[in-house]
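Observations on chain architecture
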Amino acid sequence: MSTPFDVDGKVALITGAASGIGAATAKVLAGAGAKVVCVDLDEGGAAKIADEIGGTSARCNVASRSDVEAAADLAVAAYGRLDAMCNVAGIPVDVMIADASEEQLDKIINVNLKGVFYGCQAAVRVMTPNGSGSIINVASSGIDAPARNYGLYAMTKAAVAMLTKSLAVEVGRNGIRVNAIAPGATITPFTERHLMGPDGKVNEEYYDRFVEAMKKQSPLGIVGDPEDQAYLIQYLISDAARFCTGAIWRANGGQTFSW
Ligand SMILES: NC(=O)c1ccc[n+]([C@@H]2O[C@H](COP(=O)([O-])OP(=O)(O)OC[C@H]3O[C@@H](n4cnc5c(N)ncnc54)[C@H](O)[C@@H]3O)[C@@H](O)[C@H]2O)c1
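Residues numbered from 1 in each chain as written. Predicted model: local features only at pLDDT ≥ 70, side-chain atom pairs only at ≥ 80, totals over all residues. Heavy atoms only, no water.

1. A closer look at helix H3 (residues 65–79)
In this model H3 runs 22 Å from its N-terminal to its C-terminal C-alpha over 15 residues, within 8% of the 21 Å that 1.5 Å per residue would give. Val-68, Glu-69, Ala-71, Ala-72 and Ala-75 are the residues of H3 that are buried. Projected down its long axis, H3 shows its buried positions confined to an angular sector of 155 degrees, all on one face. For H3, the exposed residues set more than 90 degrees away from the buried face come down to Ser-66 and Ala-77. Tucked inside the fold, the buried residues of H3 contact strand S1 (11–15), strand S2 (35–40) and helix H4 (102–127). Gly-80 lies just past H3 and shows a positive phi near 90 degrees. (Helix = DSSP H or I, 4+ residues; strand = E, 2+ residues; numbered from the N terminus. Expected span 1.5 Å × (residues − 1). Buried < 20%, exposed > 50% of the residue type's maximum accessible area, 1.4 Å probe, protein only. Arc of directions from axis to C-beta. Contact = heavy atoms within 4.5 Å.)

Below is the structure:
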């Protein structure tokens, strides 16, 4: 029996699909019957996930507009259309604003902001002729509360949130919905950088302290798994979310309002 929550037969393109939230999203969507195109800077990693789920893959640097446009074209060539664009790829940077170099600033903007921007543009181009589509951009709970060393990263994610709301206003009449998710602490290779102690050496105890600190920020007392974000993305792609656009969705264990 079909339900509005089904994504069966929908075509999804996922950036950052080789790891963490992107990989979980690829598996969850494919498991629910979607046709998935996995792209990542890590070509081998994207191919591995695509092989596992019977999808298609390609190398794509989201900081390159032509790479992202080619990825959207690949989805259309492989499966005839694009129903869902998941702009998941992103990188962290841990630096105080006063100390950030021009290179750090350029890199984080190029990947986290321009990468999502290009993904939105490519998706609108190929979705508009079909009169439908769902774009999901990945922001962060960092948009809700400032923290030392997170400013540069949070700034790019706040821009992603505003990009999402602005684009939703512009393309709603094309039948395209645009939403962002703002994940709370989610255990992936992204968080594993906290394995490094202040001396730059691997320090399991230091990592455990980080995870415990993250748990304490949630009234549920837990951190998230990548699937927690993937299920939210699945909902936003499904027809059950047909009235939802221009919103920022938070699977974050209640993190932002608990302290
Ligand atoms: N893990 C968390 O706690 C958390 C919290 C909030 C937001 N996020 C966001 O979720 C997204 C996914 O994070 P994750 O935890 O899965 O991280 P991850 O490091 O496990 O995966 C990120 C993927 O993006 C790819 N990538 C990096 N730069 C790229 C580029 N220029 N072009 C294409 N691909 C590139 C990497 O190769 C990797 O496969 C990111 O945007 C991140 O900012 C993560």
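From this point, the narrative continues.
2. A short note on the packing of aromatic side chains
One pass over the full model with this rule turns up 5 aromatic pairs. A ring pair is formed by Tyr-150 and Tyr-153, whose centres lie 6.4 Å apart and whose planes are at 90 degrees; its orientation type is edge-to-face. Judged by its relative accessible area of 28%, Tyr-150 falls in the partly exposed class. On the accessibility criterion, Tyr-153 (8% relative accessible area) is buried. Between Tyr-235 and Trp-249, the aromatic rings sit 5.8 Å apart at their centres with planes inclined by 65 degrees, giving edge-to-face as the arrangement. With Tyr-235 in helix H7 (residues 226–237) and Trp-249 in strand S7 (residues 248–249), this pair connects stretches of sequence that are 14 residues apart. By the ring-pair criterion, three or more aromatic residues cluster together here, those being Phe-5, Tyr-235 and Trp-249. Cation over ring: Arg-193 sits above Phe-190, and NZ or CZ is 5.0 Å from the ring centre. (Phe/Tyr/Trp six-rings, centres within 6.5 Å; stacked < 30°, edge-to-face > 60°. Lys NZ or Arg CZ within 6 Å of the ring centre and 35° of its normal.)

3. Re the site of the ligand
As a matter of local geometry, the ligand sits amid 28 residues, with Ser-19, Ile-21, Asp-40, Tyr-153 and Thr-188 nearest to it. Side-chain polar atom of Ser-19 to an oxygen atom of the ligand: 2.6 Å apart, as the coordinates give it. Burial of the ligand by the surrounding chains reaches 91%, relative to a free accessible area of 830 Å². Listed by contribution, the elements that provide at least two residues to the shell around the ligand are helix H1 (20–31) and helix H5 (151–171). Residue classes in the shell around the ligand are distributed as 16 nonpolar, 10 polar and 2 charged. (Near = heavy atom within 4 Å. Polar contact = N/O pair within 3.5 Å; in protein donor to acceptor, adjacent residues only side chain to side chain. Areas by Shrake-Rupley, 256 points an atom, 1.4 Å probe, with all protein chains shown as cover. Nonpolar A, V, L, I, M, F, W, Y, C, P; charged D, E, K, R; others polar.)

4. A look at helix H2 (residues 43–53)
Within an α-helix, residues lying three or four positions from one another point in the same direction, as the helix has 3.6 residues per turn. Three or more residues of H2 are buried, namely Gly-45, Ala-46, Ile-49 and Ala-50. Down the axis of H2, the sector holding all buried residues measures 135 degrees, keeping them to one side. In this structure, H2 carries Lys-48 and Asp-51 as exposed residues pointing more than 90 degrees from its buried face. Summarising the contacts, the buried residues of H2 are in contact with H1, S2 and strand S3 (56–59).

5. Some remarks on the layout of surface pockets
A volume near 220 Å³ is recorded for the second largest pocket. Taken together, Lys-10, Arg-81, Asp-83, Ser-132, Gly-133, Ser-134, Gly-175, Arg-177, Ile-237, Ser-238, Asp-239 and Arg-242 make up the lining of the second largest pocket. For the lining of the second largest pocket, the per-class residue count stands at 1 nonpolar, 5 polar and 6 charged. (1 Å grid on protein atoms, 1.4 Å probe; cavity = no way out; pocket = protein on both sides within 12 Å on 5 of 7 lines; lining within 4 Å. Points joined across faces, edges and corners; volume = space filled by probe spheres on them.)

6. Here's the deal with the sheet that holds strand S6 (residues 176–181)
Spatially, S3-S2-S1-S4-S5-S6-S7 is the arrangement adopted by the 7 strands of the open sheet, whose pairing is parallel. Only two strands of the sheet have a single neighbouring strand rather than two, namely S3 and S7. Inspection of the sheet shows strand S5 (residues 133–138) paired to S6 by 6 bridges, in the parallel sense. Of the residues in S6, the one forming a bridge with Asn-137 is Ala-180. The strands touched by H2 are S2 and S3; relative to S2, the strand with the most contacts, the crossing angle is about 165 degrees. (Pairing = 2+ DSSP bridges. Axes fitted to C-alpha atoms, helices over the stretch in contact; angles between N-to-C directions.)

Fair warning: the whole summary comes from geometry, so function is off the table for now.
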